[in-house]
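Below are the chains, spelled out letter by letter.
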Amino acid sequence: MASKCQMMEERTNLMHMMKLSIKVLLQSALSLGRSLDADHAPLQQFFVVMEHCLKHGLKVKKSFIGQNKSFFGPLELVEKLCPEASDIATSVRNLPELKTAVGRGRAWLYLALMQKKLADYLKVLIDNKHLLSEFYEPEALMMEEEGMVIVGLLVGLNVLDANLCLKGEDLDSQVGVIDFSLYLKDVQALDGGKEHERITDVLDQKNYVEELNRHLSCTVGDLQTKIDGLEKTNSKLQEELSAATDRICSLQEEQQQLREQNELIRERSEKRVEITKQDTKVELETYKQTRQGLDEMYSDVWKQLKAEKKARLELEKELELQIGMKTEMEIAMKLLEKDTHEKQDTLVALRQQLEDVKAINLQMFHRVQVCFDSATRLAAKSTLHTLDSQWQHRPHVPPGAAGVLASCVHFIPIFPSGLQMQKIEAINAESSLQQKNEAITSFEEKTNQVMSSMKQMEERLQHSERARRGAEERSHTLQQELGGRTSALQQQLAQLHEQCSSLEKELKSEKEQRQALQRELQREKDTSSLLRAELQQVQGLKKELRELQEEKAELQKVCDEQEQALQEMGLHLSQSKLKMEDIKEVNKALKGHTWLKDDEATHCKQCEKEFSISRRKHHCRNCGHIFCNTCSSNELALPSYPKPVRVCDSCHTLLLQRCSSSTGS
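Remember, predicted model here, so these are calculated numbers, not experimental data.

### What about the overall build of the chain?
Here comes step 1: For the chain, the count of helices and strands is 14 helices and eight strands.
Here comes step 2: Buried positions account for 28% of the 665 residues belonging to the chain.
Here comes step 3: Here the chain displays about 45300 Å² of accessible surface, and carbon together with sulfur accounts for 54% of that area.

### Brief notes about the nonpolar core
The tendency in soluble globular proteins is for nonpolar side chains to be buried as a group.
Here comes step 1: Ranked by size, the top nonpolar core spans 60 residues in total, and within it Phe-46, Trp-108, Leu-122, Tyr-136, Leu-154 and Leu-157 carry the most contacts.
Here comes step 2: Of all elements in the fold, only helix H1 (2-32), helix H2 (41-55), helix H3 (72-81), helix H4 (86-93), helix H5 (101-115), helix H6 (118-127) and helix H8 (145-154) reach the threshold of two or more residues within this core.
Here comes step 3: Here this core gets eight residues from one element, more than from any other, and that element is H2.
Here comes step 4: When near neighbours in sequence (up to four residues on either side) are disregarded, Leu-157 contacts Ile-22, Leu-25, Leu-26, Phe-46 and Leu-113.
Here comes step 5: One finds Cys-604, Phe-627, Cys-628 and Leu-636 within the second-largest nonpolar core, a separate group that totals 16 residues.

### Focus: the confidence of the model for the chain
Here comes step 1: Residue-level pLDDT values for the chain average 76, and 78% of them are 70 or greater.
Here comes step 2: By mean pLDDT, helix H11 (residues 401-409) is the weakest element of the chain at 42, and H6 is the strongest at 89.
Here comes step 3: In this model residues 63-67 is a low-confidence stretch, pLDDT under 50, and it forms four contacts with partners more than four residues away in sequence or in other chains.
Here comes step 4: Scored below 50 in pLDDT, residues 394-418 makes 16 contacts in the model with residues more than four places away or belonging to other chains.

### Some thoughts on the pattern of salt bridges
Here comes step 1: Applying the stated criterion across every chain yields a total of seven salt bridges.
Here comes step 2: The salt bridge partner of Glu-84 is Lys-117, with a shortest N-O separation of 3.2 Å. On the criterion of sequence distance, the pair formed by Glu-84 in the loop between H3 and H4 and Lys-117 in the loop between H5 and H6 is long-range, its members being 33 residues apart.
Here comes step 3: One network of salt bridges, in which partners are shared, links Glu-51, Lys-55 and Arg-106.

### So, the packing of aromatic side chains
Here comes step 1: Taken as a whole and assessed by the stated rule, the structure comprises three aromatic pairs.
Here comes step 2: Aromatic pair Trp-108 and Tyr-121: ring centres 5.8 Å apart, planes at 50°, arrangement tilted. Taken together, the residues Trp-108 in helix H5 and Tyr-121 in helix H6 connect sequence positions 13 residues apart.
Here comes step 3: Here the aromatic residues Phe-46, Phe-47 and Tyr-110 are joined through ring pairs into a cluster of three or more.

### Thoughts on a nonpolar patch on the surface
Here comes step 1: Together, Tyr-298, Trp-302 and Leu-305 line one region of the surface with nonpolar side chains, adding up to about 350 Å² of accessible area.
Here comes step 2: Looking at where Trp-302 falls in the secondary structure, it is placed in helix H9 (residues 187-315).

### With respect to H2
Here comes step 1: Taking 1.5 Å per residue, 15 residues should reach 21 Å; H2 reaches 21 Å between its end C-alpha atoms and fits that length.
Here comes step 2: Looking at H2, one finds that the buried residues are Pro-42, Leu-43, Gln-45, Phe-46, Phe-47, Val-48, Val-49, Met-50, Glu-51, Cys-53 and Leu-54.
Here comes step 3: Once H2 finishes, Gly-57 follows within two positions and takes phi at roughly 70°, a positive value.

### A look at H3
Here comes step 1: Looking only at H3, the buried set comprises Phe-72, Gly-73, Pro-74, Leu-75, Leu-77 and Val-78.
Here comes step 2: Contacts made by the buried residues of H3 are with H4, H5, H6 and helix H7 (129-132).

### Concerning the packing of H6 against H8
Here comes step 1: The contact between H6 and H8 brings their axes to 8 Å, and the two run at 160°. With respect to each other, H6 and H8 are oriented roughly antiparallel. You can see that H6 and H8 cross each other, and the crossing is left-handed. Each of Leu-118, Ala-119, Leu-122, Lys-123 and Ile-126 in H6 lies in contact with H8, whose residues at this interface are Gly-147, Met-148, Val-151 and Leu-154.
Here comes step 2: Broken down by class, the residue content of the contact of H6 with H8 amounts to seven nonpolar, one polar and one charged.

### Notes on the packing of H1 against H8
Here comes step 1: Running from amino to carboxyl end, H1 crosses H8 at an angle of 5°, the nearest separation of the two axes being 10 Å. What the angle tells us is that H1 and H8 run roughly parallel. Between H1 and H8, the residues in contact are Arg-11, Met-15, Met-18, Lys-19 and Ile-22 and Glu-146, Val-149, Ile-150, Leu-153 and Leu-154, respectively.
Here comes step 2: In terms of residue class, the contact of H1 with H8 is built from seven nonpolar, no polar and three charged.

### Here's the deal with the state of the cysteines
Here comes step 1: What the rule picks out here adds up to zero disulfides.
Here comes step 2: Not engaged in a disulfide, the cysteine Cys-623 finds its nearest cysteine sulfur in Cys-620; these two sulfurs lie 3.6 Å apart.

### Describing a positive patch on the surface
Here comes step 1: A cluster of like positive charges, contributed by Arg-266, Lys-542, Lys-543 and Arg-546, occupies part of the molecular surface.
Here comes step 2: At three residues, the largest contribution of residues to the positive patch is made by helix H13 (residues 486-592).
Here comes step 3: Overall, Lys-542 belongs to the partly exposed group, its relative accessible area being 33%.

### Quick word on a negative patch on the surface
Here comes step 1: On the surface, Glu-260, Glu-263, Glu-267, Glu-270 and Glu-274 cluster together into a patch of negative charge.
Here comes step 2: Mapped onto the fold, Glu-267 is located in helix H9.
Here comes step 3: By relative accessible area, which is 43% here, Glu-267 ends up partly exposed.

### Details of unusual backbone geometry
Here comes step 1: The backbone of Lys-116 shows a phi angle near 60°, a positive value even though the residue is not glycine.
Here comes step 2: Within the secondary structure, Lys-116 is located in the loop between H5 and H6.
Here comes step 3: For Lys-116, a relative accessible area of 29% translates into the label partly exposed.
Here comes step 4: Here Glu-608, not a glycine, exhibits a phi torsion of approximately 55°, which is positive.
Here comes step 5: Judged by relative accessible area, which is 61%, Glu-608 ranks as exposed.

### Observations concerning the environment of Lys-19
Here comes step 1: Its place among the elements puts Lys-19 in helix H1.
Here comes step 2: Expressed as a C-alpha distance, the spacing of Lys-19 and Phe-46, which sit 27 residues apart in the sequence, is 9.7 Å.

Cut-offs applied
- Residues numbered from 1 in each chain as written.
- Predicted model: local features only at pLDDT ≥ 70, side-chain atom pairs only at ≥ 80, totals over all residues.
- Heavy atoms only, no water.
- Helix = DSSP H or I, 4+ residues; strand = E, 2+ residues; numbered from the N terminus.
- Buried < 20%, exposed > 50% of the residue type's maximum accessible area, 1.4 Å probe, protein only.
- Areas by Shrake-Rupley, 256 points an atom, 1.4 Å probe, with all protein chains shown as cover.
- Core = buried A, V, L, I, M, F, W, Y, C linked by side-chain atoms within 4.5 Å.
- Contact = heavy atoms within 4.5 Å.
- pLDDT = per-residue confidence, 0-100.
- Salt bridge = Lys/Arg side-chain N within 4 Å of Asp/Glu carboxyl O.
- Phe/Tyr/Trp six-rings, centres within 6.5 Å; stacked < 30°, edge-to-face > 60°.
- Patch = residues over 30% accessible without salt bridge, like charges linked within 9 Å, V, L, I, M, F, W, Y side chains within 5 Å.
- Expected span 1.5 Å × (residues − 1).
- Axes fitted to C-alpha atoms, helices over the stretch in contact; angles between N-to-C directions.
- Parallel < 35°, antiparallel > 145°, perpendicular 65-115°, else oblique.
- Left-handed = near helix turned anticlockwise from the far one by under 90°.
- Nonpolar A, V, L, I, M, F, W, Y, C, P; charged D, E, K, R; others polar.
- Disulfide = S-S within 2.5 Å.
- Lys, Arg positive; Asp, Glu negative; His and termini not counted.
- Charge placed at Lys NZ, Arg CZ, Asp CG, Glu CD.

Structure (structure tokens):
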């Protein structure tokens, strides 16, 4: 408790000393024309008192060197809280004469006073007390209400023009001792100081009004910039909303078109599937019917063959008389032998041609390879010769380097410009070799076909020889038995040939029908694969539709959020407009009202009672008139004051009505 009482007494003493120093400084500045130098004694004492106020309740920071107690630490926070103070901080850090934190703090105070923003920077610090708690104790002057009072007193110093030179001054070693002789006045000075007090009151009122107007103009400018920014964001959001709505409409149209296309594709696919099913059913029925007819025909033919075999066995004895048929068969055999010999000769000739072509190809390949090897060797030798000559002329090459290069060049593929024609000839030779190889393969295929045909002909010859032998044996046995039935057998044979030809034709037609059915089945498979691909496309379109629906839902959510943001922005705009109107009204009221002097008012303006020692005078901070304590006991927070101040009853009711109207709107 004793330490708290001591801290409170120190705060009050420092506050009174600050009031006295500011008052003396203003009085001396008015007498000197409001321009001060660094040698001015009241200004030096003001900085000493300001330093004591900033050091009050400052926490001690311990380090390896020792204890450090400087007020430049909290002043550095202004740079973070107020970007305008960055110039002061950088200029203080760049001064080479300053080596201690105390000197930097004093230079910072000098520069802030020259910028006429000392009160603003300290107000920013006091408003952020949670940051000051790291540097000051809870009972310090900067943490209590006296700090706000000192900030209000410092506003009056913005009238002064301080011309302070920091170069050449030793701010680190200055001793901060308060000189009380400046504040001790004689009686005559007190009697003659009434005029100075009146002048100072007038100047205080004028400075107060100017400072208030400056604050209001700053707030109006900030609000105007905020309104402009909000209008820009509102226009941007409206443009984004219109773009989003247009995109949603286009997506909806695309969705409808995709649905219609999907329905058309489904209908077409269903129709195609139905038509293919019907066609396959009809073709299967026809195939079954034709198969049944062919089976019946085959059974009938098989029965006829059996009957003919029996009849042939009976009539084989009569075939001995068919000597003419034998001669014809012999002639046919000779013709067949001639054909076979001719085909064998052609095969031999083709094989010889193939062997000749292969030999020519091999010779061409060897020649091309030899030419290419000789060209590469010549190029390598020429490059070796040039490299050897170059390396011999260089002074820094050792004598054995040329041999090493010659051994290494064998592994380097060198293609000079003269070998381009040889490359082209080699490429042409390769292309001709490829063409000849293709011709050889085609000839080999043809020879294989001819060989297969020859094998078939040989088989037929073997079958014919066997048949001939059997016919000869049978002819010998049947020459005696067969005499008069040859004509009948010939007729029967002709009929049988006709039946066989008809059966062969029917079989060919059946084969053609089977091939046609296979083609149709292949077509149906292709159509089914196409339909499956279309179904997959339809599924992909469904997925795209789902994704588009999800995007639409997301866009709808974004639109809703943007609409809510626009509504909130509209509310903020309306509130800011109302605040602007209130500020304009306050400016008008301030311009219209004047600050009355204490000597001009002898009676209260509201109750019209005379002022006395018991009934003291009080100014209304809104209209500037003088009232008694009963008529001005109300307090309200005004835009130009950080804390609630005294207001008369009429202004109190008027301001309350404005606040209620603004909150209702």
